[in-house]
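# Structural features, examined
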Amino acid sequence: MPARKKYSPPSPFMAGLKSRCPRCGRGRLFSGYLTIAPRCRVCKLNFGFADSGDGPAVFIVLIAGFFIVVAVLIVEVRYQPPYWVHAALWLPLTGILSLGLLRPVKAMLVALQYRHNAQEGRLDRH
């Protein structure tokens, strides 16, 4: 059996921000915008374990929603612009913020899943 290379695992947060392999930190995690590659090209880690589900979207809704609502309230109280200005400002900003954060948050959750060896819940029945 060939000797396995030892990798010093990167921080799950840095691997997530860079969208890199959670084991070696060098290979790309995604093959598309949100499509996870089948395996790492550098260390050959199979990404079949990676299933972040709806977690990234939930975090993005909570995080982006908080910042957008606070900004909307500040602008409304200070300047009281017409509704079309709110729509012109906040709809594109919400889309950009949501899509911009989705990939790194998904990569971070996959890296945390790898780091903690998280698996689907199972009942252990003897």
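Note that the structure is a prediction, hence the values are computed from the model and not measured.

Definitions and limits used
- Residues numbered from 1 in each chain as written.
- Predicted model: local features only at pLDDT ≥ 70, side-chain atom pairs only at ≥ 80, totals over all residues.
- Heavy atoms only, no water.
- Patch = residues over 30% accessible without salt bridge, like charges linked within 9 Å, V, L, I, M, F, W, Y side chains within 5 Å.
- Areas by Shrake-Rupley, 256 points an atom, 1.4 Å probe, with all protein chains shown as cover.
- Salt bridge = Lys/Arg side-chain N within 4 Å of Asp/Glu carboxyl O.
- Lys, Arg positive; Asp, Glu negative; His and termini not counted.
- Charge placed at Lys NZ, Arg CZ, Asp CG, Glu CD.
- Helix = DSSP H or I, 4+ residues; strand = E, 2+ residues; numbered from the N terminus.
- Buried < 20%, exposed > 50% of the residue type's maximum accessible area, 1.4 Å probe, protein only.
- Phe/Tyr/Trp six-rings, centres within 6.5 Å; stacked < 30°, edge-to-face > 60°.
- Core = buried A, V, L, I, M, F, W, Y, C linked by side-chain atoms within 4.5 Å.
- Contact = heavy atoms within 4.5 Å.
- Expected span 1.5 Å × (residues − 1).
- Bend = angle between axes of the 7 residues up to and from the residue.

A few words on a positive patch on the surface. A contiguous patch of positive charge on the surface is contributed by R28, R39, R41 and K44. Take K44: it is sitting in the loop between α1 (12-18) and α2 (55-79). A relative accessible area of 53% means that K44 is categorised as exposed.

By the definition in use, this model includes two aromatic pairs. Note on F49 and Y114: the rings are 5.7 Å apart at their centroids and 45° apart in plane angle, and the pair reads as tilted. Highlighted residues: F49 in the loop between α1 and α2 and Y114 in helix α3 (residues 83-115), separated in sequence by 65 residues. Between F66 and F67, the ring centres sit 5.4 Å apart and the planes meet at 75°, which makes this aromatic pair edge-to-face. Accessibility assignment for this pair places F66 and F67 in one class, exposed.

What follows covers the nonpolar core. If you look at the biggest cluster of nonpolar residues, it comprises twelve residues: C21, C24, L29, F30, A37, C40, C43, L45, F47, A50, A107 and V110. Setting aside anything within four residues of it in sequence, one finds A107 in contact with A15, G16, S19, L29 and F30.

With that settled, consider the environment of G100. Looking at where G100 falls in the secondary structure, it is placed in helix α3. Using a relative accessible area of 48% as the deciding quantity, one classes G100 as partly exposed. Distance in space between the C-alpha atoms of G100 and I60 is 9.6 Å, their sequence separation being 40 residues.

Take α3 next. Over its 33 residues, α3 extends 46 Å from the first C-alpha to the last, a length consistent with the 48 Å expected when each residue adds 1.5 Å. Of all the bends in α3, the greatest, near 30°, is centred on L102, and the proline P104 appears no more than four residues after it. Regarding α3, the residues found buried are V85, H86, W90, L102, P104, V105, K106, A107, M108, V110, A111 and Q113. Of the surrounding elements, those touching the buried residues of α3 are α1 and α2. N117, located one to two residues past α3, shows a positive phi value of around 50°.

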